[in-house]
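# Breakdown of the fold
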Amino acid sequence: MKKLYFEYDMRISYSEAAQSCRYTMKCIPAGTDRQRLEKLDIRIQPKADYAEGEDSFGNRLLFGGVDEVHDFFSVCVTGQVTAGLSGAEPVRRGTDAMLYRHPHGLTRPAEGICSYWETLRTKLRGTPLEQGIFLMHRLRQDFAYEQNVTDISTTAEEAFRLGRGVCQDYAHILIALCRMAGIPARYVTGMLIGEGRSHAWVEILSEDQWFGLDPANDLLVEDSHIKIGVGRDAADCAINRGLVMGGGRQTQTVRVHVSETCEGKS
Amino acid sequence: MYDLDLLEHTDTVNELLARYGVKFGIYKNNTFREQLFPFDAIPRVIEPEEFDYLERGLKQRVVALNLFLKDIYSDKKIVKDKVIPEDFIFASSGYMAECEGVRPVKDIYSHISGIDLVQGKDKKWYILEDNLRVPSGASYPMIARELCRRSSPQTFRDTRLEDNRNYAELLRRTMDNVNVGGHTVILTPGRYNAAYFEHSYLAEKTGAHLVNGSELKVVDDRLYYVNFDGKLERVGAVYRRISDEYLDPMNFNPESVIGIPHIYDVYRKGNVALINAPGNGIADDKGIYYFVPKMIRYYLGEEPVLSNAPTYLPFYEEDMKYVLEHFDTLVLKDVAEAGGYGVVFGSSMSAQQKEDFLALLKKEPRRFIAQEVIDFLDIDILEGSETVPRKADLRAFVLMAEEPLVWKSGLTRFSRNPDSFIVNSSQGGGFKDTWVLSH
């Protein structure tokens, strides 16, 4: 169990003035059986009213818009979480297993992943959790971490064929494999202790509990991860989604900082 | 019943329809073509007792379909109880996870349902398909009746039939029933839509505002109509004639320029009613069609009043065997297609086509349903001064207000081509008024 201070800072700069924009942010750390949200502060600029809601995957969301001319848009979320209250999260809804065990969107496998699966299927043993961990370890050997070779719309199949990618790609491929094994698996967005960008991993359902697997780091999620959202794939729980009128070229920067002390938090 | 006077006015009525802009727009291969929707003056006539029977069956079906939608987007009891295989829900393009846990006002999902029926030579009615997303067509018999009354008043003095001009009243009741406070609007994608005439006609007849996406705006978590002064007026119900995909670029297709950003978030919070509810595509999926009689038994504990056309699911081994053995007598439908596309007759395929098709069928059995070809009861149409028999179907409209209401009329569509069994208006063909005689 760890008390974690976090800061998520996202900024979009426009090369030309934007007339207006709409945004949906799924950026609030989840309150679950394994993670307690203790402090939260949200700053959106330019300042505008927003409303709150909850999506069909149980993610909290903020939605709103800016109706005046602006040349940047930024969201800063800071707060404090106690992570690792327990090892797993009990199933919230009886229908979750169904929702997360079918091929969908970016995780849909094709020939590449299917033939990879054929080499693994007979080697699976034990509980769904054990099978998931086995698949994660294999992926660690057969897939390489590399930035800037994939983007947010890259599918599991495309990344797999490329053999390289980032946390999103690891997560999508692992989800595809777990679902082929009949194990409900979902995509998780969040933050990892340290400095960098936002992170993504996988939760799989084993004996009525969700366990976190971080395939990009080949480890079981314990108390160094702060979970934000879940979905069937990355698109379901994108931390920010926007629509801009005007604005020209957009440059987005994301900075995430998570630490066990308040220090280093600007 | 109907006399020559009415038929003599066919051309007049068609000219008036053209003048009023009763057209059917077809957008295909990147070109937009508007064509007239030819009206045939010989009505389809339904006896009151027969319509009572249809009415009972249609209400039962639509009530069950609404319960199905509520169940699918919450507990999924019908799947857990193994009445419908899980695959058929989750592999369907009609299923929308974004609707999970969302409760529409008064639990009404399909406010306006267009149920397509055909009558066999044995006089038995069969349900061909359910349309629970954005079914169109009610305006055509409405305006045709209006124009026929004007050109041949004699006919309508002599015949005791149900007045179908009350559709607007039924629709208004249906929209008001779920309005959560504020205006009722009809949202159109604009004049290039196939059914634009209908949007404007229904708005005029119901007194609802006809709006396009840019006239609606989400502020905070409410939906507003931006009036001429730029002032915001609250909207409580939207009869949207835009498909789910284009409804909200912030929740669905981000490329949509005809939708309203965040309207879905407002709906999710119960602050506006959407007519019909998003996500209904799962219930009118051609694969799910097979299960509707089972749904009626499951949710209502009743035997279905109206039958489906005999249907087989190659997904089931037993049915696959039947389909392979009787291929030449069946019609095969791709569950993902609509508008009369993706429909092939086993008997009309060449050997090569058949071979290719069977390979596809074996590879993706869930994608297809197979149906017996129904021997339609032909109905007469006028061709010049002759009457000739043609295939025709009937789209009945069921509205869900505080109770289910069946409109005592309907859109009868016929195929111009004597050999064609496909009567969808997207593929040419014409329409007739549907007369329901009164008791």
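Residues numbered from 1 in each chain as written. Chains lettered and ligands numbered in written order. Predicted model: local features only at pLDDT ≥ 70, side-chain atom pairs only at ≥ 80, totals over all residues. Heavy atoms only, no water.

What follows is about the side chain of Glu55(B). Structurally, Glu55(B) is set in helix α3 (residues 48-72). With near-sequence residues (within four places) excluded, Glu55(B) lies in contact with Val406(B) and Lys408(B). (Helix = DSSP H or I, 4+ residues; strand = E, 2+ residues; numbered from the N terminus. Contact = heavy atoms within 4.5 Å.)

Residue Pro46(A) follows Gln45(A) across a cis peptide bond; omega there is 0 degrees. Along the chain, Pro46(A) falls in the loop between β2 (35-45) and β3 (50-54). The amide bond that connects Ile275(B) to the next residue, Asn276(B), takes the cis arrangement and shows omega of -5 degrees. In this fold, Asn276(B) is placed in the loop between β11 (273-275) and α12 (286-289).

Here the focus is the domain arrangement of chain B. For chain B, the assigned domains read domain 1 (4-303 + 376-436) and domain 2 (311-372). Computed over C-alpha atoms, the centres of domain 1 of chain B and domain 2 of chain B are 28 Å apart. (Domains from an automatic or database assignment.)

Another aspect to go through is the side chain of Arg93(A). Its location among the elements puts Arg93(A) in the loop between β6 (89-90) and α1 (96-99). Looking at Arg93(A), its side chain comes within polar contact range of the main-chain oxygen of Ser56(A), at 3.1 Å. Dropping the residues within four chain positions of it, Arg93(A) is found in contact with Ser56(A), Phe57(A), Leu99(A) and Glu100(B). (Polar contact = N/O pair within 3.5 Å; in protein donor to acceptor, adjacent residues only side chain to side chain.)

Residue and element names in this part refer to chain A. Looking at chain A, the domain boundaries give domain 1 (2-84 + 240-259) and domain 2 (89-237). Centre-to-centre, using C-alpha coordinates, domain 1 lies 24 Å away from domain 2. Tallying the contact residues gives 28 residues for domain 1 and 30 residues for domain 2. Summed over both sides, the interface of domain 1 with domain 2 buries roughly 2400 Å², with 53% coming from carbon and sulfur. On the domain 1 side of the contact with domain 2, Arg34, Phe57 and Val256 bury the most area, a combined 29% of that side's loss. If you look at where domain 1 meets domain 2, you find 1 salt bridge. We note a salt bridge from Lys2 to Asp223, for which the minimum N-O separation is 3.2 Å. Seen at the junction of domain 1 and domain 2, the total is 12 residue pairs in polar contact (both at pLDDT 80 or more). Elements represented by at least two residues in the side of domain 1 that touches domain 2 include exactly β1 (2-25), β5 (70-83) and β16 (250-259). Among the elements that line the side of domain 1 that touches domain 2, the one with the most residues is β16, at 6 residues. Of the residues belonging to the side of domain 1 that touches domain 2, the class tally is 13 nonpolar, 8 polar and 7 charged. (Buried area = accessible area lost by both parts, 1.4 Å probe. Salt bridge = Lys/Arg side-chain N within 4 Å of Asp/Glu carboxyl O. Nonpolar A, V, L, I, M, F, W, Y, C, P; charged D, E, K, R; others polar.)

It is worth spelling out the interface of chain A and chain B at this point. The partner chain B presents 28 residues to the 25 residues of chain A that form the contact. A per-residue breakdown of the area chain A buries against chain B is headed by Arg22(A), Met98(A) and Arg241(A), which together make up 27% of the total. Viewed at the interface, chain B and chain A are joined by 2 salt bridges. For Asp67(A), the salt bridge goes to Lys217(B), with nearest N and O atoms at 2.8 Å. At the surface where chain A touches chain B, the tally comes to 16 residue pairs in polar contact (both at pLDDT 80 or more). Among the residues forming the side of chain A that touches chain B, the class breakdown is 9 nonpolar, 7 polar and 9 charged.

Residue and element names in this part refer to chain B. Strand order across the open sheet formed by 4 strands is β13-β16-β14-β15, with antiparallel pairing between neighbours. Both edges of this open sheet fall to β13 (311-312) and β15 (343-345), since each of them pairs with a single strand only. As paired elements, β13 and strand β16 (residues 368-372) share 2 bridges and run antiparallel to each other. Paired with Tyr312 across the two strands is Ala370, which belongs to β16. (Pairing = 2+ DSSP bridges.)

Before going further, it helps to spend a moment on the packing of aromatic side chains. All names here are of chain B. A complete count under the given rule lists 28 aromatic pairs over all chains for this structure. Each ring, one from Tyr264 and one from Tyr267, has its centre 5.5 Å from the other, and the planes form 45 degrees; the classification is tilted. In this pair, Tyr264 and Tyr267 are both assigned in helix α11 (residues 263-268), 3 residues apart and thus about one turn of the helix distant. The pair formed by Tyr264 and Tyr267 is uniform in burial state, with each residue classed as buried. On the numbers, 5.9 Å between centres and 45 degrees between planes, the contact of Phe327 with Phe357 is tilted. (Phe/Tyr/Trp six-rings, centres within 6.5 Å; stacked < 30°, edge-to-face > 60°. Buried < 20%, exposed > 50% of the residue type's maximum accessible area, 1.4 Å probe, protein only.)

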